[in-house]
Each structure stands twice: as structure tokens, then as C-alpha cells.
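Residues per chain are reported as follows:
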Amino acid sequence: KLFTNAPHGSLWFMGMVLAGLVFICTLLIVYFVGLFSVMFVLLKGMRVGDAIFAGTKLFFGNIITSFEAGLLLFLIEMLLTIGVLVCLFVLSVPVGVAGVAQYIFGMPWLFPVVGIVSLVAFLAVALIVRGVFTAYAVSTWTELFLHIEKGHLKSKIMRLMGHT
């Protein structure tokens, strides 16, 4: 019954969902073509126009492989994000304990000191995790580009389906 009070409400809703899907697909295509185009410029020394053409051709020739790698990196990033959030929770426990101890023992400096130390520790962990993942993602995309550009890498899904 979503949007049923409006004329043709469910049709409007389906149109918005379809428009959203088209928008997301367009963004993904632009991202992958841009990624491969940058690789052509940096690693092969191509001019920008030629690199965009070559990046488009490479992406559409290896669309499943590109999405496989992108999905895998996305899942890794989500797991790392969950890990960083767990770290935030763990580092917030001493801050709460310090707040209680400050109230009970009357030490006004305890809560701010523990809070600052916990914040600095969290930021250090978050930045290190982000930096390591970014380096991993860039090297993964570069390695993928080098292999599919030479024609040495096929999609795992296609290999499982018996296409070589």
C-alpha cells in the first residue's frame, strides 16, 4: 500500500526504483571505466582520450571480472569497517569507567585524559586500517588491470560455469 493514495502510486514507486537502479549502474560503469582509463594513462602512457576509449573497451570486455573484484573489495571493506566500529566500542569502555571513577573518587582530570587517549588510539587504528586497505585496493586493481589487459585473467564465475 506504499504510495497508493497518489494516482498511480505504485507505478510511480516502481519508476523511482528503476531510476535508482539505472543511476547506480551508471555510476558503477563510470567508476570502472575511469579506473581502467587511469591505469592506461599511468601504466601504458596513453593520452586521456585514447585511455577512456581503451578503458571502456576493457571494462565491457571484462564486466563480470570487474564486478567480482569490486564486490570482493567492497565486502572486505565492510568487514574492516565493522572491525573498526568494534574497536571504537572497546575503546569507549575505559572512557565510561573513567567517568564513573571520576565521579566516585573526585578526580576531575581522569575522564578527559582517558577520553583523549582513547580518541587518539581509535584514530590511529582507523587511519592505519584505512591506509592498509587503500594500499591493498590500489594494488589489487592494478594487478587486475595488468592481467585482464593481457588477457590472462577470466572471471571466476565464467570459469565455474565451464567457459574458458
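Scroll up to find the structure this text is about.
Now for a quick tour of the structure. (Residues numbered from 1 in each chain as written. Predicted model: local features only at pLDDT ≥ 70, side-chain atom pairs only at ≥ 80, totals over all residues. Heavy atoms only, no water.)

Right, let's get into the pattern of salt bridges. Across all of its chains, the model carries 3 salt bridges by this definition. The residue Lys 44 makes a salt bridge to Glu 149 at a minimum N-O spacing of 3.2 Å. Residue Lys 44 is located in helix α1 (residues 9–44), and its partner Glu 149 is located in helix α4 (residues 110–150); the two are separated by 105 residues in the primary sequence. By relative accessible area, which is 30% here, Glu 149 ends up partly exposed. Here Glu 77 and Arg 130 are joined by a salt bridge, their closest N and O atoms 2.6 Å apart. Of the two residues, Glu 77 sits in helix α3 (residues 63–105) while Arg 130 sits in helix α4, which places them 53 residues apart along the sequence. (Salt bridge = Lys/Arg side-chain N within 4 Å of Asp/Glu carboxyl O. Helix = DSSP H or I, 4+ residues; strand = E, 2+ residues; numbered from the N terminus. Buried < 20%, exposed > 50% of the residue type's maximum accessible area, 1.4 Å probe, protein only.)

A few words now on the nonpolar core. Formed by 18 residues in total, the largest nonpolar core has its most connected members in Phe 36, Phe 40, Leu 58, Trp 141, Leu 144 and Phe 145. At the level of secondary structure, the elements contributing two or more residues to this core comprise α1, α2 (48–61), α3 and α4. In this structure Phe 145 touches Phe 36, Met 39, Phe 40, Leu 43, Lys 44 and Leu 58, once residues within four positions along its chain are discounted. (Core = buried A, V, L, I, M, F, W, Y, C linked by side-chain atoms within 4.5 Å. Contact = heavy atoms within 4.5 Å.)

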